[in-house]
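The primary structure of each chain is shown beneath.
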Amino acid sequence: MSTYVYGIARSTHPSPPEQLGGVGDPPRPVRVLRQGRLMALVSDAPEALRPKRRDLLAHQHVLREAGAEGTVLPLRFGGLSPDDETLATVLAEREDHYLERLQALDGKSEYNVKASHDEQLVLRRVLADDPALRAMAEASRSRGETSHEGKLELGERIANAVRVREAQDADLVRVALNGAAEEVSAGPQSPGWLTNLSFLVDREQSAGFVNAVEAVREEQPHLVLTVTGPLPPYSFVE
Amino acid sequence: MTVVPAQQAGGSGGSSSLYDVLELVLDRGIVIDAFVRVSLVGIEILKIDVRVVVASVDTYLRFAEACNRLDLEAGPRKNPGLPDLVGQMTESGARGKSKGALSGAAQSISEVFSKDHDEEPESKPQSRRTSSRSRKEESE
């Protein structure tokens, strides 16, 4: 039976609560596998495990629960060891590396920040910033009936200005929040966001980080920031 | 401008935050070479666009129309972008928008998952290398 692995911690890490459920339906009980100075949070792997909502949540939940008791290195969802022995061998071989990462991440959490534009407000913003574009828009409006081509031309110029603004705002968010964080890591690209960044934040500094986010929100009302955290340090384990 | 820390922290538990970090759970974190990876077929959700594609004719037209309306609302002011003119609207507008986008994504995800559940009883864990091939077959 293969072994599902959630995360890696020091062998002195408190054991998870007995009723902690992992992936699978019914949830497989989470147990601890100790090897040298490390331990891994594992459960039996259900047959035919797929990335279903319930299982993704279970993975996240186990890491959150265990992470509340001390530093845990999160595994990516879906890592299956053929058996407990293989996992123990990996832990023994990479012990120094994992211990180094555990030390580096002690007392720190990940905050993920995704930014997008509020459409109405970014349009106001690009018109306010570009007198020529604003004049063009005002001329179009005052003419009343604008030709299809005229609208396309205006719209394309506005869209270009919005794209430039996206790049500027991606930099702005990184710079504004970087100072309140220990490290920053670019998240996976997605067309859904103008930027997707993960910040490593010392727990002692989390209020400062949240304040920095608030400051960006107040100063840049056309930006919509989605902040999620504190999270297990997914982006800082390698 | 009021803030609601619980909402903005977002990570205090519950399923809603999962959608905001799905790509981290699936794309970040330790990978161990000696392990088998669960196939990620059915997770194309990550590529689904929750934001408008800026470079399209539809967007050009919508932006042009929107600008006409903006000017009518704001009147002939020199600085339509001044934050204090629109501060009130910013809060509610931004909130509403991000909620809409997120619940849209959430819906798409649950559709993917339920589809996955109904139509794929046969799949077993497999190495990640094969996932793109399987995905292609599935779409054919």
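Residues numbered from 1 in each chain as written. Chains lettered and ligands numbered in written order. Predicted model: local features only at pLDDT ≥ 70, side-chain atom pairs only at ≥ 80, totals over all residues. Heavy atoms only, no water.

Enquirer: I'd like to hear about the overall build of chain B, residue by residue, with values.
Expert: When helices and strands are tallied, chain B shows five helices and one strand. Every one of the 140 residues in chain B was classed for burial, and the buried ones make up 39%. A separation threshold of at least 6 residues defines the contact pool for chain B, and within that pool the share at least 24 residues apart is 68%. Total accessible area on chain B stands at roughly 8,000 Å², and carbon and sulfur atoms take up 55% of it. (Helix = DSSP H or I, 4+ residues; strand = E, 2+ residues; numbered from the N terminus. Buried < 20%, exposed > 50% of the residue type's maximum accessible area, 1.4 Å probe, protein only. Contact = heavy atoms within 4.5 Å. Areas by Shrake-Rupley, 256 points an atom, 1.4 Å probe, with all protein chains shown as cover.)

Enquirer: So what about helix α1 (residues 53–67) of chain A? Which residues, and what values?
Expert: With 15 residues, α1 of chain A extends 21 Å from end C-alpha to end C-alpha; this agrees with the ideal 21 Å at 1.5 Å per step. Of the positions making up α1 of chain A, those classed as buried are D55, L56, A58, H59, Q60, V62, L63 and A66 of chain A. (Expected span 1.5 Å × (residues − 1).)

Enquirer: Tell me what's going on with helix α5 (residues 131–142) of chain A, and back it up with residues and numbers.
Expert: Residues and elements named next belong to chain A. Its twelve residues place the ends of α5 16 Å apart at the C-alpha level, agreeing with the 16 Å of an ideal helix rising 1.5 Å per residue. By the burial criterion, the buried members of α5 are L133, R134, A137 and S140. Axial view of α5: buried residues confined to an arc of 125 degrees, hence all on one face. Of the residues in α5, the exposed ones pointing more than 90 degrees away from the buried face are P131 and S142. With a side-chain oxygen lying 3.1 Å from the backbone nitrogen of A132, the N-terminal cap of α5 falls on D130. Looking at the residues trailing α5, positive phi occurs at G144, about 75 degrees. (Arc of directions from axis to C-beta. Polar contact = N/O pair within 3.5 Å; in protein donor to acceptor, adjacent residues only side chain to side chain.)

Enquirer: Explain unusual backbone geometry residue by residue, including any values.
Expert: Residue and element names in this part refer to chain A. A cis amide bond links D25 with the next residue in sequence, P26, at an omega value of 0 degrees. For P26, the position within the fold is in the loop between β1 (3–10) and β2 (31–35). The omega torsion across G229 and P230 is 0 degrees, close enough to zero to call that bond cis. Counting through the fold element by element, P230 comes out in strand β9 (residues 223–231). The backbone of A48 sits at a positive phi, close to 50 degrees, despite the residue not being glycine. Relative to the helices and strands, A48 resides in the loop between β3 (38–44) and α1.

Enquirer: Explain the confidence of the model for chain A to me, using residue names and the numbers behind them.
Expert: A low pLDDT score tells you not to read the predicted coordinates there in detail. Mean pLDDT over chain A stands at 93; residues scoring 70 or higher make up 100%. Taken element by element, chain A is modelled with least confidence in α5 of chain A, mean pLDDT 88, and with most confidence in strand β4 (residues 73–74) of chain A, mean pLDDT 98. (pLDDT = per-residue confidence, 0-100.)

Enquirer: Could you give an account of the pattern of salt bridges, with specific residues and numbers?
Expert: For the structure on display, the rule yields 15 salt bridges over all chains. Of the charged contacts in the structure, one is a salt bridge between D96 of chain A and R37 of chain A, with a shortest N-O distance of 3.6 Å. Taken together, the residues D96 of chain A in helix α3 (residues 95–105) and R37 of chain A in the loop between β2 and β3 connect sequence positions 59 residues apart. Under the relative-accessibility criterion, D96 of chain A is labelled exposed at 58%. Of the charged contacts, one joins E65 of chain B and K151 of chain A as a salt bridge, the two residues approaching to 2.8 Å between their closest N and O atoms. Pair noted here: E65 of chain B is in helix α3 (residues 57–74) and K151 of chain A is in helix α6 (residues 148–178), and the two residues belong to different chains. Using a relative accessible area of 31% as the deciding quantity, one classes E65 of chain B as partly exposed. Here the salt bridges do not stand alone but share partners, grouping R125, D129, R165 and D169 of chain A into one network. (Salt bridge = Lys/Arg side-chain N within 4 Å of Asp/Glu carboxyl O.)

Enquirer: So what's going on with the sheet that holds β9 of chain A? Residues and values would help.
Expert: Residues and elements named next belong to chain A. If you trace the four strands from one edge of the open sheet to the other, you get β7-β8-β6-β9, paired in antiparallel fashion. Either end of the sheet is taken by a strand with one partner, and the two such strands are β7 (183–186) and β9. Averaged over all pairs of adjacent strands, the angle between their axes in this sheet comes to 25 degrees, without regard to strand direction. Here α6 sits on the sheet and contacts β6 (108–117), β7, β8 (195–202) and β9; the angle it forms with β8, its principal contact strand, is near 5 degrees. (Pairing = 2+ DSSP bridges. Axes fitted to C-alpha atoms, helices over the stretch in contact; angles between N-to-C directions.)

Enquirer: Which residues make up the environment of P74 of chain A, and what values go with them?
Expert: Following the sequence through the fold, P74 of chain A ends up in strand β4. A relative accessible area of 0% places P74 of chain A in the buried class. Separated by 139 residues in sequence, P74 of chain A and V213 of chain A have C-alpha atoms that sit 25 Å apart. The contact partners of P74 of chain A, leaving out residues within four places of it in the chain, are Y6, G7, L63, P232, P233, Y234 and V237 of chain A together with G29 and I30 of chain B.

Enquirer: Quick one: what's the story with the confidence of the model for chain B, residue by residue and with numbers?
Expert: All names here are of chain B. On average, residues of chain B score 52 in pLDDT, and 27% of them reach the 70 mark or higher. The lowest-confidence element of chain B is helix α1 (residues 5–9), averaging 34 in pLDDT; the highest-confidence one is strand β1 (residues 36–37), averaging 85. Long-range and interchain partners of residues 46–52, a stretch whose pLDDT sits below 50, account for 18 contacts in this model, where long-range means more than four residues apart. Across residues 75–140 the pLDDT falls below 50, and counting only partners more than four positions away or on other chains, this stretch makes 81 contacts in the model. Interface confidence for the predicted complex, given as ipTM, is 0.85, next to a pTM of 0.74.

Enquirer: Which residues make up the pairing of β8 of chain A, and what are the values?
Expert: All names here are of chain A. Within β8, eight of the eight residues are buried, which leaves it mostly tucked inside the rest of the structure. Burial along β8 is two-sided: T195, L197, F199 and V201 and N196, S198, L200 and D202, pointing in opposite directions, are all buried. Sheet analysis places β6 next to β8, joined by eight bridges and oriented antiparallel. Within β8, the position partnered with V113 by the bridge is L197. Relative to β8, β7 is paired through four bridges, and the arrangement is antiparallel. The partner of E183 across the bridge, within β8, is L200.

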